[in-house]
Amino acid sequence: VPLACLAPVDVYLMRHGEAGEARTDPERPLTPRGRAQAKASATGLKALGVKIPRILCSPYVRARQTADIVAGVFGVDVSEDARFVPGGDPDRAVEAIFSARDGAFVVAHMPILPGMIEVACGGRATFSTAAVAHVVVVGGTGILAGLFSSEFLEHVR
């Protein structure tokens, strides 16, 4: 295995903020509280010194809105990726993030996020709205380094 493949890579997995109602599930927008949660999480992560090269997100409205809020805090681009929808295949989603050599930041949903943690790290995690998991990828294996609620991140300065 080349040594470059053994260099740790930071991956962040975020659940969208609180969502309201809509005619269809993909159209559900963030509530005002969901927007505040997304902003609090993004601001807290930035205060912790997190660096992200870009954001990948589900094409669902609430995920895209969350991603746009995070992108505004970090000054990065957002790309939609259908592999991160609620019913997506966690194996395919993990392949997408593990192939990102400079790291990844993903905004997605339940139940794919816990599925991704299980595939990547072999463990379990539950995501409240706007929660963020930090996964360190080394040599094709993920290590769950932290799971942060938006309430916790809101108090990081």
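As a starting point, this report considers the structure included with it. (Residues numbered from 1 in each chain as written. Predicted model: local features only at pLDDT ≥ 70, side-chain atom pairs only at ≥ 80, totals over all residues. Heavy atoms only, no water.)

## With respect to the overall build of the chain
Here's step 1: Within the chain one finds five helices and six strands.
Here's step 2: Computed over its C-alpha atoms, the radius of gyration of the chain comes to 14 Å, within 12% of the 15 Å expected for a compact globule of 157 residues.
Here's step 3: Dimensions of the chain, computed from the C-alpha atoms along their principal axes, are close to 50 × 35 × 25 Å.
Here's step 4: In the chain, which comprises 157 residues, the share counted as buried stands at 50%.
Here's step 5: Partitioning the contacts of the chain with sequence separation of at least 6, the portion at a separation of at least 24 is 62%.
Here's step 6: Working note: accessible area of the chain is about 7500 Å², and carbon and sulfur atoms make up 54% of it.
Here's step 7: Both charge centroids of the chain, one from 16 positive and one from 16 negative side chains, sit 4 Å from each other. (Helix = DSSP H or I, 4+ residues; strand = E, 2+ residues; numbered from the N terminus. Rg over C-alpha atoms; globule rule 2.2 N^0.38 Å. Buried < 20%, exposed > 50% of the residue type's maximum accessible area, 1.4 Å probe, protein only. Contact = heavy atoms within 4.5 Å. Areas by Shrake-Rupley, 256 points an atom, 1.4 Å probe, with all protein chains shown as cover. Lys, Arg positive; Asp, Glu negative; His and termini not counted. Charge placed at Lys NZ, Arg CZ, Asp CG, Glu CD.)

## Some words on the pattern of salt bridges
Here's step 1: According to the stated counting rule, one finds eight salt bridges in the structure shown.
Here's step 2: A salt bridge links E18 to R33; the shortest N-O distance between them is 2.9 Å. Remark: R33 occurs in helix α1 (residues 32-47) and E18 occurs in the loop between β1 (9-15) and α1; sequence separation between them is 15 residues.
Here's step 3: Residue R33 is classed as partly exposed on the basis of its relative accessible area, which comes to 45%.
Here's step 4: A salt bridge links E27 to R23; the shortest N-O distance between them is 3.3 Å.
Here's step 5: We classify E27 as partly exposed; its relative accessible area is 35%.
Here's step 6: With relative accessibility at 73%, the residue R23 sits in the exposed group.
Here's step 7: Sharing partners across several salt bridges, the network here consists of D25, R28 and R62. (Salt bridge = Lys/Arg side-chain N within 4 Å of Asp/Glu carboxyl O.)

## Structural notes on the nonpolar core
Here's step 1: Counting residues in each nonpolar core, the largest one holds 25 residues, and the members touching the most others are M14, I52, I55, V70, F74, F105 and V107.
Here's step 2: With seven residues, the top contributor of residues to this core is helix α2 (residues 61-74).
Here's step 3: Among residues more than four places away in sequence, those in contact with V107 are M14, H16, I55, L56, C57, S58, A63, T66, A67 and F84. (Core = buried A, V, L, I, M, F, W, Y, C linked by side-chain atoms within 4.5 Å.)

## Overview of the sheet that holds strand β3 (residues 78-80)
Sheets are built from strands paired through backbone hydrogen bonds, the pairs being either parallel or antiparallel.
Here's step 1: With mixed pairing, the six strands of this open sheet are ordered in space as β3-β2-β4-β1-β5-β6. Here the strands that pair on one side only, and so sit at the sheet edges, are β3 and β6 (141-148). Adjacent strand axes in the sheet meet at a mean angle of 25° when their direction is disregarded. (Pairing = 2+ DSSP bridges. Axes fitted to C-alpha atoms, helices over the stretch in contact; angles between N-to-C directions.)

## A closer look at unusual backbone geometry
Here's step 1: Look at the link from M110 to P111: it is a cis peptide, with omega at 5°.
Here's step 2: Its place among the elements puts P111 in the loop between β4 (104-108) and α4 (112-121).
Here's step 3: Positive phi is not limited to glycine here, since A130 has a value of about 65°.
Here's step 4: Mapped onto the secondary structure, A130 falls in the loop between α4 and β5 (132-138).
Here's step 5: Taking the relative accessible area as the measure of exposure, A130 reaches 0% and is therefore buried.

## Considerations on the packing of aromatic side chains
Here's step 1: For the coordinates displayed, the defined rule picks out two aromatic pairs.
Here's step 2: Where F148 meets F152, the ring centres are 5.7 Å apart and the plane angle is 20°; that geometry is what we call stacked.
Here's step 3: The class for F152 is partly exposed, based on a relative accessible area of 45%. (Phe/Tyr/Trp six-rings, centres within 6.5 Å; stacked < 30°, edge-to-face > 60°.)

## Here we look at the pairing of β6
In regular strands, side chains alternate between the two faces of the sheet.
Here's step 1: Bridge analysis of β5 against β6 gives seven bridges, and the strand direction is antiparallel. Paired with V132 across the strands is F148, a residue of β6.
Here's step 2: Hairpin connection between β5 and β6: a loop of two residues separates the two successive antiparallel strands, and G139 in this loop has a positive phi of roughly 55°.

## Quick notes on a nonpolar patch on the surface
Here's step 1: On the surface, a nonpolar cluster with roughly 230 Å² of combined accessible area is contributed by L6, V138 and I143.
Here's step 2: Take V138: it is sitting in strand β5. (Patch = residues over 30% accessible without salt bridge, like charges linked within 9 Å, V, L, I, M, F, W, Y side chains within 5 Å.)

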